[in-house]
Amino acid sequence: MLFRSVNVSNDDGELKTFDSESNPESADQNSAGSTAQDDIQKDERNARGSKTELTPPSLNMDSFKKISELGSSTSCVCFAEIDGEPMALLAKTTESNEGGQLNGLIFVVDPISGEIQCKIIFSVVKKITAIACVNDTVVIGTANGDLQTFGLKRGEILSEFNSAHRGGITCLSPISPNHVASAGADGRVSLWSVPSLIWKGRLYNHDSAYGINALAVSDSNELAVAGGDAVIRLYNL
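A quick note: this is a predicted structure, and the numbers were derived from the prediction, not measured.

Asks: How do you make sense of the environment of Thr137 when you look at a structure like this?
Replies: Following the sequence through the fold, Thr137 ends up in strand 8 (residues 137–142). In this structure Thr137 comes out as buried when scored by relative accessible area, which is 6%. Each C-alpha atom, one on Thr137 and one on Leu152, is 5.9 Å from the other, the two residues being 15 residues apart in sequence. Those residues in contact with Thr137 that lie beyond four places of it in its chain are Ala132, Thr149, Phe150, Leu158, Val194 and Pro195.

Here's what the structure looks like:
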């Protein structure tokens, strides 16, 4: 399934690629014989050549609206289409007044007006570290590696999977109308059905000493996995 990897932190500052026939754990030995496609190498050269030409956009900070109810501890955000309307989902974790129990809060916010459409409250064991929305289901990852799904229309937790990752869940990404990918501090990427959270498989591990920092899916159904080991791996889903 793995078809391309990019090592982004070589000592010479060069981006290097190696294909699925190479061993990702020994990129330095195999990258010299890489058979990566010419267009990929061209894109990398263009990206390197344009670094010094990028300028930050001019932003009018007066146009930004502060949502005071969110406070200062919002941990993660995702965007979703709910009843045909684009919405932003912002998550945070608070301590309740009942014996130190933690509550997870998800705010559904209109990204244009900044108005809160609804607030969802549920119990969690550890801090929320990642969220993603698949249709009308919110997938929630926590600092102790647990997964939950919450039905926006039903207003309740639909399923739970404890210890989905060893360590915290760092990111979540929808990969189809019924599936989500999760990544964690353990360097693993797992695939799950939604909302049932049935485990569907695992992709190639990154170095568990570094974990995984980000996931993203392209329009051509490729999953990019960025690890703390400074390697980006692309999977053809």
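The rest of the description comes next.
Asks: Sorry, what's going on with the sheet that holds strand 13 (residues 189–193) here?
Replies: Pairing between sheet strands relies on hydrogen bonds along the backbone, with the strands arranged either parallel or antiparallel. With antiparallel pairing, 4 strands are arranged side by side in an open sheet as 11-12-13-14. If you trace the sheet from one side to the other, it starts and ends with strand 11 (169–176) and strand 14 (199–202), each paired once. Averaged over all pairs of adjacent strands, the angle between strand axes in this sheet comes to 25°, irrespective of strand direction.

Asks: Could you clarify how one ought to interpret the pairing of strand 7 (residues 128–134) in this entry?
Replies: On a regular strand, one side chain projects to one face of the sheet and the next to the other, so that they alternate. For strand 7, the tally of buried residues reaches 6 of 7 residues, placing the bulk of the element in the interior. In this structure, strand 7 lies alongside strand 8, joined through 6 bridges in antiparallel fashion. Looking at strand 8, one finds that Ile131 is bridged to Ile140.

Asks: What's the story with the state of the cysteines in this structure? I'm lost.
Replies: Two cysteines form a disulfide when their sulfur atoms are joined by a covalent bond. Counting across every chain of the model gives 0 disulfides. There is no disulfide at Cys78, and the cysteine sulfur nearest it, in Cys133, is 5.6 Å away.

Asks: Help me out: how do you make sense of the side chain of Thr149 in this one?
Replies: Structurally, Thr149 is set in strand 9 (residues 147–151). By relative accessible area, Thr149 is classed as buried at 0%. A polar side-chain atom of Thr149 sits 2.6 Å from a polar atom in the side chain of Ser159. Within polar-contact distance, the side chain of Thr149 engages the backbone oxygen of Pro195 at 2.9 Å. Each residue touching Thr149, except ones within four places of it in the same chain, is listed here: Thr137, Val138, Val139, Glu156, Ile157, Leu158, Ser159, Pro195 and Leu197.

The rules behind the values
Residues numbered from 1 in each chain as written. Predicted model: local features only at pLDDT ≥ 70, side-chain atom pairs only at ≥ 80, totals over all residues. Heavy atoms only, no water. Helix = DSSP H or I, 4+ residues; strand = E, 2+ residues; numbered from the N terminus. Buried < 20%, exposed > 50% of the residue type's maximum accessible area, 1.4 Å probe, protein only. Contact = heavy atoms within 4.5 Å. Pairing = 2+ DSSP bridges. Axes fitted to C-alpha atoms, helices over the stretch in contact; angles between N-to-C directions. Disulfide = S-S within 2.5 Å. Polar contact = N/O pair within 3.5 Å; in protein donor to acceptor, adjacent residues only side chain to side chain.

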